[in-house]
Amino acid sequence: MTPAQRQQLFERLAQANPHPTTELIWHTPFQLLLAVLLSAQSTDVGVNRVTAPLFPTLQTPQDLLTLGLATFEEAIRTLGLYRTKSRHAIEMAKILVDQHEGQVPETQVELEALPGVGRKTANVVLNTLYGHPTIAVDTHVFRVANRTGLARGTTPLAVEQALLRAVPAPFLQHAHHWLILQGRHICLARAPRCGICPIQDLCDTGKIHV
DNA sequence: ATCCCGAGGG
DNA sequence: CCCTCTGGAT
(Lines give C-alpha, C1' and ligand atoms only; values in the text may rest on other atoms or scores of the structure.)
Protein backbone atom coordinates (compact mmCIF):
# COMPACT_ATOMS: atom_id res chain seq x y z
CA MET A 1 0.00 0.00 0.00
CA THR A 2 1.43 3.39 -1.03
CA PRO A 3 1.75 6.35 1.38
CA ALA A 4 -1.01 8.12 -0.54
CA GLN A 5 -3.32 5.12 -0.12
CA ARG A 6 -2.60 4.94 3.61
CA GLN A 7 -3.38 8.63 3.90
CA GLN A 8 -6.64 8.10 2.06
CA LEU A 9 -7.52 5.08 4.17
CA PHE A 10 -7.32 7.04 7.41
CA GLU A 11 -9.04 10.09 5.93
CA ARG A 12 -12.04 7.89 5.25
CA LEU A 13 -11.99 6.17 8.63
CA ALA A 14 -11.73 9.61 10.22
CA GLN A 15 -14.67 10.85 8.19
CA ALA A 16 -16.74 7.85 9.27
CA ASN A 17 -15.76 8.45 12.92
CA PRO A 18 -14.68 12.05 13.61
CA HIS A 19 -14.22 11.54 17.36
CA PRO A 20 -13.29 7.91 17.90
CA THR A 21 -13.02 6.61 21.44
CA THR A 22 -13.40 3.44 23.44
CA GLU A 23 -16.82 1.85 23.67
CA LEU A 24 -16.09 0.81 27.23
CA ILE A 25 -18.08 2.85 29.75
CA TRP A 26 -15.98 4.40 32.56
CA HIS A 27 -15.66 7.52 34.68
CA THR A 28 -12.43 7.24 36.67
CA PRO A 29 -8.91 6.23 35.53
CA PHE A 30 -9.03 3.08 37.64
CA GLN A 31 -12.35 2.11 36.06
CA LEU A 32 -10.82 2.36 32.59
CA LEU A 33 -7.84 0.23 33.61
CA LEU A 34 -10.14 -2.34 35.19
CA ALA A 35 -12.51 -2.38 32.19
CA VAL A 36 -9.64 -2.97 29.75
CA LEU A 37 -8.33 -5.79 31.95
CA LEU A 38 -11.80 -7.35 31.92
CA SER A 39 -12.09 -6.99 28.14
CA ALA A 40 -9.59 -9.77 27.38
CA GLN A 41 -11.32 -12.34 25.16
CA SER A 42 -14.64 -10.60 25.84
CA THR A 43 -16.84 -8.10 24.02
CA ASP A 44 -17.15 -4.50 25.17
CA VAL A 45 -20.90 -5.02 25.44
CA GLY A 46 -20.26 -7.84 27.88
CA VAL A 47 -17.81 -5.76 29.94
CA ASN A 48 -20.26 -2.84 30.14
CA ARG A 49 -22.99 -5.24 31.20
CA VAL A 50 -21.07 -6.36 34.29
CA THR A 51 -19.48 -3.00 35.17
CA ALA A 52 -22.71 -0.97 34.95
CA PRO A 53 -24.09 -2.05 38.34
CA LEU A 54 -20.59 -2.18 39.85
CA PHE A 55 -18.95 1.11 38.90
CA PRO A 56 -21.12 3.56 40.86
CA THR A 57 -19.54 2.25 44.07
CA LEU A 58 -16.28 1.03 42.53
CA GLN A 59 -14.26 4.08 41.57
CA THR A 60 -10.84 3.48 43.12
CA PRO A 61 -8.55 0.51 43.76
CA GLN A 62 -9.40 0.81 47.46
CA ASP A 63 -13.09 0.37 46.55
CA LEU A 64 -12.25 -2.93 44.85
CA LEU A 65 -10.31 -4.17 47.89
CA THR A 66 -13.28 -3.26 50.05
CA LEU A 67 -15.62 -5.16 47.74
CA GLY A 68 -13.47 -8.29 47.98
CA LEU A 69 -12.52 -11.17 45.71
CA ALA A 70 -15.59 -13.38 46.17
CA THR A 71 -18.10 -10.61 45.47
CA PHE A 72 -16.16 -9.38 42.45
CA GLU A 73 -15.89 -12.91 41.03
CA GLU A 74 -19.63 -13.35 41.28
CA ALA A 75 -20.25 -9.95 39.67
CA ILE A 76 -18.15 -10.67 36.57
CA ARG A 77 -18.87 -14.39 36.26
CA THR A 78 -20.76 -14.14 32.97
CA LEU A 79 -17.72 -12.58 31.28
CA GLY A 80 -15.58 -15.69 31.15
CA LEU A 81 -12.03 -16.07 32.48
CA TYR A 82 -13.57 -14.69 35.64
CA ARG A 83 -11.33 -16.39 38.19
CA THR A 84 -8.08 -15.25 36.58
CA LYS A 85 -9.41 -11.76 35.91
CA SER A 86 -10.66 -11.37 39.49
CA ARG A 87 -7.38 -12.50 40.99
CA HIS A 88 -5.41 -10.16 38.74
CA ALA A 89 -7.76 -7.25 39.50
CA ILE A 90 -7.41 -7.63 43.27
CA GLU A 91 -3.62 -8.04 43.10
CA MET A 92 -3.45 -5.05 40.78
CA ALA A 93 -5.50 -2.92 43.19
CA LYS A 94 -3.18 -3.84 46.07
CA ILE A 95 -0.12 -2.71 44.11
CA LEU A 96 -1.80 0.54 43.05
CA VAL A 97 -2.69 1.34 46.65
CA ASP A 98 0.69 0.26 48.08
CA GLN A 99 3.05 1.60 45.41
CA HIS A 100 1.21 4.22 43.34
CA GLU A 101 -0.89 6.12 45.89
CA GLY A 102 -4.01 4.68 44.30
CA GLN A 103 -3.26 6.31 40.94
CA VAL A 104 -2.94 4.66 37.50
CA PRO A 105 0.72 4.90 36.39
CA GLU A 106 1.60 6.58 33.10
CA THR A 107 4.51 4.47 31.84
CA GLN A 108 4.59 1.25 29.85
CA VAL A 109 6.98 -0.39 32.33
CA GLU A 110 4.92 0.43 35.43
CA LEU A 111 1.67 -0.64 33.75
CA GLU A 112 3.04 -3.96 32.50
CA ALA A 113 4.33 -4.70 36.01
CA LEU A 114 0.70 -4.91 37.14
CA PRO A 115 -0.86 -8.41 37.24
CA GLY A 116 -3.06 -9.03 34.21
CA VAL A 117 -1.68 -6.05 32.32
CA GLY A 118 0.32 -6.90 29.19
CA ARG A 119 1.51 -4.81 26.29
CA LYS A 120 -1.91 -4.49 24.67
CA THR A 121 -3.67 -3.32 27.84
CA ALA A 122 -0.84 -0.90 28.67
CA ASN A 123 -1.05 0.61 25.18
CA VAL A 124 -4.81 1.11 25.48
CA VAL A 125 -4.45 2.83 28.86
CA LEU A 126 -1.61 5.08 27.71
CA ASN A 127 -3.60 6.10 24.62
CA THR A 128 -7.09 6.46 26.07
CA LEU A 129 -6.19 7.87 29.49
CA TYR A 130 -3.07 9.88 28.79
CA GLY A 131 -3.23 10.61 25.05
CA HIS A 132 0.01 8.83 24.12
CA PRO A 133 0.29 7.94 20.39
CA THR A 134 0.41 4.19 21.06
CA ILE A 135 -1.30 1.55 18.94
CA ALA A 136 -2.66 -1.40 20.88
CA VAL A 137 -2.90 -4.47 18.68
CA ASP A 138 -5.82 -6.63 19.71
CA THR A 139 -7.65 -9.26 17.66
CA HIS A 140 -9.45 -6.57 15.61
CA VAL A 141 -6.45 -4.39 14.83
CA PHE A 142 -4.41 -7.49 13.99
CA ARG A 143 -7.06 -8.72 11.55
CA VAL A 144 -7.75 -5.36 9.87
CA ALA A 145 -4.05 -4.52 9.44
CA ASN A 146 -3.24 -7.88 7.88
CA ARG A 147 -6.38 -8.12 5.72
CA THR A 148 -6.13 -4.66 4.23
CA GLY A 149 -2.37 -4.85 3.74
CA LEU A 150 -1.93 -1.66 5.76
CA ALA A 151 0.62 -3.42 7.99
CA ARG A 152 1.40 -7.12 7.96
CA GLY A 153 2.95 -9.31 10.64
CA THR A 154 2.60 -12.72 12.26
CA THR A 155 2.64 -11.45 15.87
CA PRO A 156 0.85 -8.53 17.56
CA LEU A 157 4.19 -6.87 18.32
CA ALA A 158 5.31 -7.09 14.68
CA VAL A 159 2.01 -5.58 13.51
CA GLU A 160 2.29 -2.82 16.11
CA GLN A 161 5.76 -1.86 14.90
CA ALA A 162 4.66 -2.02 11.26
CA LEU A 163 1.65 0.20 12.04
CA LEU A 164 3.80 2.78 13.82
CA ARG A 165 5.69 3.13 10.53
CA ALA A 166 2.67 2.84 8.23
CA VAL A 167 0.20 5.23 9.87
CA PRO A 168 0.59 8.86 8.73
CA ALA A 169 1.62 11.01 11.70
CA PRO A 170 -1.58 13.10 11.92
CA PHE A 171 -3.61 9.91 12.41
CA LEU A 172 -1.37 8.15 14.97
CA GLN A 173 -3.25 9.46 17.99
CA HIS A 174 -6.55 7.83 17.07
CA ALA A 175 -5.39 5.04 14.73
CA HIS A 176 -5.99 2.40 17.38
CA HIS A 177 -9.64 3.24 17.85
CA TRP A 178 -10.32 3.77 14.15
CA LEU A 179 -8.94 0.33 13.36
CA ILE A 180 -10.83 -1.23 16.28
CA LEU A 181 -14.14 0.26 15.20
CA GLN A 182 -13.48 -0.83 11.62
CA GLY A 183 -12.82 -4.38 12.83
CA ARG A 184 -15.80 -4.51 15.13
CA HIS A 185 -18.45 -3.05 12.86
CA ILE A 186 -17.27 -3.54 9.26
CA CYS A 187 -14.31 -5.89 8.91
CA LEU A 188 -15.89 -8.70 10.95
CA ALA A 189 -13.87 -11.83 11.62
CA ARG A 190 -16.16 -14.38 9.97
CA ALA A 191 -18.22 -12.37 7.50
CA PRO A 192 -16.61 -9.01 6.64
CA ARG A 193 -19.17 -6.49 5.43
CA CYS A 194 -17.24 -5.40 2.35
CA GLY A 195 -20.42 -4.08 0.74
CA ILE A 196 -20.60 -1.19 3.22
CA CYS A 197 -16.86 -0.82 3.80
CA PRO A 198 -15.53 2.72 3.25
CA ILE A 199 -12.05 1.47 2.35
CA GLN A 200 -12.99 -1.54 0.21
CA ASP A 201 -11.18 -0.20 -2.87
CA LEU A 202 -7.98 0.31 -0.85
CA CYS A 203 -8.07 -3.17 0.73
CA ASP A 204 -6.01 -6.06 -0.61
CA THR A 205 -8.57 -8.67 0.47
CA GLY A 206 -11.69 -6.67 -0.38
CA LYS A 207 -10.63 -6.41 -4.03
CA ILE A 208 -10.43 -10.16 -4.39
CA HIS A 209 -13.93 -11.18 -3.35
CA VAL A 210 -16.11 -11.27 -0.19
C1' DA B 1 -17.58 -24.41 15.71
C1' DT B 2 -15.70 -19.89 16.16
C1' DC B 3 -14.98 -15.46 18.08
C1' DC B 4 -14.74 -11.76 21.68
C1' DC B 5 -10.28 -4.68 22.65
C1' DG B 6 -5.10 -11.23 26.24
C1' DA B 7 -1.99 -12.58 29.77
C1' DG B 8 0.71 -15.79 32.28
C1' DG B 9 2.82 -20.01 32.84
C1' DG B 10 5.24 -24.26 31.20
C1' DC C 1 6.58 -22.39 20.90
C1' DC C 2 2.38 -24.37 23.37
C1' DC C 3 -1.50 -24.55 26.80
C1' DT C 4 -5.10 -22.78 29.98
C1' DC C 5 -8.48 -19.74 31.66
C1' DT C 6 -14.22 -19.13 30.73
C1' DG C 7 -19.05 -17.88 29.40
C1' DG C 8 -21.99 -15.62 26.05
C1' DA C 9 -23.01 -14.47 21.24
C1' DT C 10 -23.32 -15.76 16.45
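Here the structure is a predicted model, which is why all the values come from computation and not from measurement.

**Description of empty space enclosed by the protein**
Here is step 1 of the chain: A full pass over the atoms with the stated rule returns one cavity of 30 Å³ or more.
Here is step 2 of the chain: If you add up the space inside the largest cavity, you get close to 120 Å³.
Here is step 3 of the chain: If you trace the largest cavity, you find 14 residues lining it, with Cys 187, Pro 192, Cys 194, Cys 197 and Cys 203 closest to the centre.
Here is step 4 of the chain: Taken together, the elements giving at least two residues each to the lining of the largest cavity come down to helix H9 (139-148) and helix H12 (204-208).
Here is step 5 of the chain: Classifying every residue of the lining of the largest cavity by side-chain character gives seven nonpolar, five polar and two charged.

**What about the packing of helix H8 (residues 119-130) against helix H11 (residues 172-185)?**
Two packed helices can be described by the angle between their axes and the distance between those axes.
Here is step 1 of the chain: Put simply, H8 and H11 touch, their axes get as near as 10 Å, and they point 120 degrees apart. Classified by the angle their axes make, H8 and H11 are oblique. When the axes of H8 and H11 are compared, the crossing they make is left-handed. Contact residues: Val 124, Asn 127 and Thr 128 in H8; Gln 173, His 176 and His 177 in H11.
Here is step 2 of the chain: Here the residues of the contact of H8 with H11 are counted per class, giving one nonpolar, five polar and no charged.

**Description of the packing of aromatic side chains**
Here is step 1 of the chain: One pass over the structure, following the stated rule, counts two aromatic pairs.
Here is step 2 of the chain: Seen from their ring centres, Phe 10 and Phe 171 are 5.7 Å apart, and the 25 degrees between their planes marks the pair as stacked. In this pair, Phe 10 sits in helix H1 (residues 3-16) while Phe 171 sits in the loop between helix H10 (156-166) and H11, placing the two residues 161 residues apart along the sequence. Accessibility classification places Phe 10 together with Phe 171 in one group, the buried group.
Here is step 3 of the chain: Between Phe 171 and Trp 178, the aromatic rings sit 5.9 Å apart at their centres with planes inclined by 65 degrees, giving edge-to-face as the arrangement.

**Thoughts on the protein's contact with DNA strand C**
Here is step 1 of the chain: Close to DNA strand C lie Gln 41, Arg 77, Thr 78, Leu 79, Gly 80, Leu 81, Tyr 82, Arg 83, Thr 84 and Arg 190, which account for all nearby residues.
Here is step 2 of the chain: Counting only the atoms of DNA strand C that lie within 4 Å of the protein, the sugar and phosphate share comes to 59%.
Here is step 3 of the chain: Here a base oxygen of DNA strand C and a backbone polar atom of Leu 81 are 2.8 Å apart.
Here is step 4 of the chain: Between DNA strand C and the protein, one listed contact pairs a phosphate oxygen with a backbone N or O atom of Arg 83 at 2.7 Å.

**A short note on the UniProt feature "binding site: [4Fe-4S] cluster" (unreviewed entry) in chain A**
Here is step 1 of the chain: Per the UniProt record, "binding site: [4Fe-4S] cluster" (unreviewed entry) is annotated on Cys 187, Cys 194, Cys 197 and Cys 203. Spanning 17 residues, the annotated positions come together in the fold, the maximum distance between their C-alpha atoms being 10.6 Å. Taking the annotated residues in turn, Cys 187, Cys 194, Cys 197 and Cys 203 line the largest cavity.
Here is step 2 of the chain: Checked against the element boundaries, Cys 187 lands in the loop between H11 and H12.
Here is step 3 of the chain: Cys 187 gets classed as buried once you look at its relative accessible area, which sits at 10%.
Here is step 4 of the chain: With near-sequence residues (within four places) excluded, Cys 187 lies in contact with Arg 143, Val 144, Arg 147, Gln 182 and Pro 192.
Here is step 5 of the chain: Along the chain, Cys 197 falls in the loop between H11 and H12.
Here is step 6 of the chain: Contact partners of Cys 197, with chain neighbours within four places excluded, come to Gln 182 and Ile 186.

Cut-offs used in this document
Residues numbered from 1 in each chain as written. Chains lettered and ligands numbered in written order. Predicted model: local features only at pLDDT ≥ 70, side-chain atom pairs only at ≥ 80, totals over all residues. Heavy atoms only, no water. 1 Å grid on protein atoms, 1.4 Å probe; cavity = no way out; pocket = protein on both sides within 12 Å on 5 of 7 lines; lining within 4 Å. Points joined across faces, edges and corners; volume = space filled by probe spheres on them. Helix = DSSP H or I, 4+ residues; strand = E, 2+ residues; numbered from the N terminus. Nonpolar A, V, L, I, M, F, W, Y, C, P; charged D, E, K, R; others polar. Axes fitted to C-alpha atoms, helices over the stretch in contact; angles between N-to-C directions. Parallel < 35°, antiparallel > 145°, perpendicular 65-115°, else oblique. Left-handed = near helix turned anticlockwise from the far one by under 90°. Contact = heavy atoms within 4.5 Å. Phe/Tyr/Trp six-rings, centres within 6.5 Å; stacked < 30°, edge-to-face > 60°. Buried < 20%, exposed > 50% of the residue type's maximum accessible area, 1.4 Å probe, protein only. Near = heavy atom within 4 Å. Polar contact = N/O pair within 3.5 Å; in protein donor to acceptor, adjacent residues only side chain to side chain. UniProt positions renumbered as here; feature names shortened; annotations may be inferred.

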